[in-house]
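Now for the letters of each chain:
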Amino acid sequence: MSDAARKPLTLHRLREMHAQGEPITMLTCYDASFARVLDDAGVDCLLVGDSLGMVLQGETSTVPVTLADMAYHTRCVARGNRNAWVIGDLPFGSYQRSAAQAMESATVLMQAGAQMVKFEGGGWTTETVRFLAQRGIPVCAHLGLTPQSVHALGGYRVQGRNDESAATLKMHALELAEAGAAMLVLELVPSALANEVTRAVNIPVIGIGAGRGCSGQVLVLHDMLGLTRGKLPRFVRNFMEGSPSVDAAVRTYVNDVKARRFPDDAIHGY
């Protein structure tokens, strides 16, 4: 679809894409300039991720990120965006206390320009998802590696590798979908399990390190542009390699996800 023909993405359109088997593309985004670049390149969803704590602020985890940080960057992205669907992360400490607290925090991000909020965890989060969904807040759930809980998880490790943890993850996914989650991110999950979850739930499943069988893919922008220093997870591909520009790299990402050329489970999967 040409840039001129691209219409603003809606939740209805994302559901249509999912029903039709069209992969959904997502990248993290933190400012107006990149929002415009990603939108023009045809990225379906812009995730204003709390990963900004590590990518932009130099923190060692996402835990220090505040709701004020998230609102600021959500507002920046919303100003630069025209057509993509904007999702804002609820940061650590902004939703765990109660569903009412989550509603207050979601309100802040929605008023800043988010069209959907994302938060981590399963089990106890089910009723929070239900509470927000019943009040008209589109929710994206997040299972697998949940970075805000990295200390409890013992590091950045693949989740769901044994039968018990896999069964729990699948159960949580079904519960979250039933409670009204409109989308689910699966992070660092074996490809076979991610395939199973994607088939089991009736909502789009967006993978990051979860294999090609998901309904769509997301990467951290700075990772896929080769800007992140040090060792990267195996699920990351540097799309700047062989690309003449950032715009071209993002368009290659969009095209390769849509054509299911990325990720390649033999290279990027678990």
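Residues numbered from 1 in each chain as written. Predicted model: local features only at pLDDT ≥ 70, side-chain atom pairs only at ≥ 80, totals over all residues. Heavy atoms only, no water.

Draft legend 1. Examining the pairing of strand β4 (residues 116-120) more closely. The element β4 is largely enclosed, with a buried count of five among its five residues. By the bridge criterion, three bridges tie strand β3 (residues 85-89) to β4 in an arrangement that is parallel. Note that in β4 the partner of aspartate 89 across the bridge is lysine 118. On the question of chirality, the crossover connecting β3 to the parallel β4 by way of helix α5 (residues 99-112) is right-handed. The sheet contact formed by β4 and strand β5 (residues 139-144) spans four bridges and is parallel. Paired with valine 117 across the two strands is valine 139, which belongs to β5. For the segment spanning β4, helix α6 (residues 126-134) and β5, crossover handedness is right-handed. (Buried < 20%, exposed > 50% of the residue type's maximum accessible area, 1.4 Å probe, protein only. Helix = DSSP H or I, 4+ residues; strand = E, 2+ residues; numbered from the N terminus. Pairing = 2+ DSSP bridges. Right-handed = clockwise from strand over helix to strand, strands pointing away.)

Draft legend 2. Main features of the side chain of aspartate 256. Mapping aspartate 256 onto the fold places it in helix α11 (residues 246-258). By relative accessible area, which is 9% here, aspartate 256 ends up buried. If sequence neighbours within four positions are ignored, aspartate 256 has contacts with Arg237, Phe239, Arg261 and Phe262. (Contact = heavy atoms within 4.5 Å.)

Draft legend 3. Expanded view of the packing of aromatic side chains. Throughout the structure, instances matching the rule amount to five aromatic pairs. Ring geometry for tyrosine 95 against phenylalanine 119: centres 5.2 Å apart, planes inclined by 40 degrees, an arrangement best described as tilted. Separated by 24 residues along the polypeptide, tyrosine 95 in the loop between β3 and α5 and phenylalanine 119 in strand β4 bring together distant segments of the chain. Its relative accessible area of 2% is what places phenylalanine 119 among the buried residues. Each member of the aromatic cluster is reached from another via a ring pair, and the members are Tyr95, Phe119 and Trp124. Lying across the ring of phenylalanine 131, arginine 135 places its NZ or CZ 3.6 Å from the centre. (Phe/Tyr/Trp six-rings, centres within 6.5 Å; stacked < 30°, edge-to-face > 60°. Lys NZ or Arg CZ within 6 Å of the ring centre and 35° of its normal.)

Draft legend 4. Local environment of the nonpolar core. If you look at the biggest cluster of nonpolar residues, it comprises 84 residues, and the most contacted ones within it are Leu27, Met183, Leu184, Leu186 and Tyr253. If sequence neighbours within four positions are ignored, leucine 27 has contacts with Leu38, Val43, Cys45, Leu46, Leu47, Val218, Leu219, Leu221, Met224, Val250 and Tyr253. (Core = buried A, V, L, I, M, F, W, Y, C linked by side-chain atoms within 4.5 Å.)

Draft legend 5. Unusual backbone geometry, seen in detail. In this model, phenylalanine 262 is joined to proline 263 through a cis peptide bond whose omega is 0 degrees. Of note, proline 263 is situated in the loop between α11 and α12 (265-268). One non-glycine residue, leucine 188, lies in the positive phi region at around 50 degrees. Mapped onto the elements of the fold, leucine 188 is located in the loop between β6 (183-187) and α9 (191-200). Residue classification places leucine 188 among the buried positions, given a relative accessible area of 7%. One non-glycine residue, arginine 260, lies in the positive phi region at around 60 degrees.

Draft legend 6. Examining the pattern of salt bridges more closely. A full pass over the atoms with the stated rule returns 15 salt bridges. A salt bridge links arginine 13 to glutamate 22, with the nearest nitrogen and oxygen atoms 3.4 Å apart. Notably, a salt bridge pairs lysine 170 with glutamate 196, separated by 3.0 Å at the nearest N-O pair. Linking lysine 170 in helix α8 (residues 163-179) with glutamate 196 in helix α9, this pair joins segments that are 26 residues apart in sequence. On the basis of relative accessible area, lysine 170 is assigned to the partly exposed category, the value being 26%. In this structure, a network of salt bridges that share partners links the residues Arg6, Arg36, Asp39, Asp40 and Arg82. (Salt bridge = Lys/Arg side-chain N within 4 Å of Asp/Glu carboxyl O.)

Draft legend 7. View of α9. Of the positions making up α9, those classed as buried are Ser191, Leu193, Ala194, Val197 and Thr198. One side of α9 carries all its buried residues, which in axial view fall inside an arc of 160 degrees. Opposite its buried face, α9 presents the exposed residues Ala192 and Arg199, each directed more than 90 degrees away. Buried positions along α9 lie against α8, β6, β7 (205-208) and α12. (Arc of directions from axis to C-beta.)

Draft legend 8. Main features of the environment of valine 205. Counting through the fold element by element, valine 205 comes out in strand β7. Look at valine 205 and you get buried, because its relative accessible area is 0%. The spacing of valine 205 and glutamate 164 is 41 residues in sequence and 21 Å in space, taken between C-alpha atoms. Beyond its immediate sequence surroundings of up to four residues, valine 205 is in contact with Leu184, Leu186, Thr198, Cys214, Ser215 and Gly216.

Draft legend 9. Summary view of the sheet that holds β5. The eight strands are arranged β1-β2-β3-β4-β5-β6-β7-β8 in a closed barrel whose pairing can be described as parallel. Along the sheet, successive strands turn relative to each other by an average axial angle of 25 degrees, direction set aside. Taken together, the four bridges between strand β1 (residues 24-28) and strand β8 (residues 216-219) define a ladder with parallel strand orientation. Across the sheet, methionine 26 pairs through a bridge with valine 218, a residue of β8. Along the sheet, α6 makes contact with β4 and β5, crossing β4 at roughly 170 degrees. (Axes fitted to C-alpha atoms, helices over the stretch in contact; angles between N-to-C directions.)

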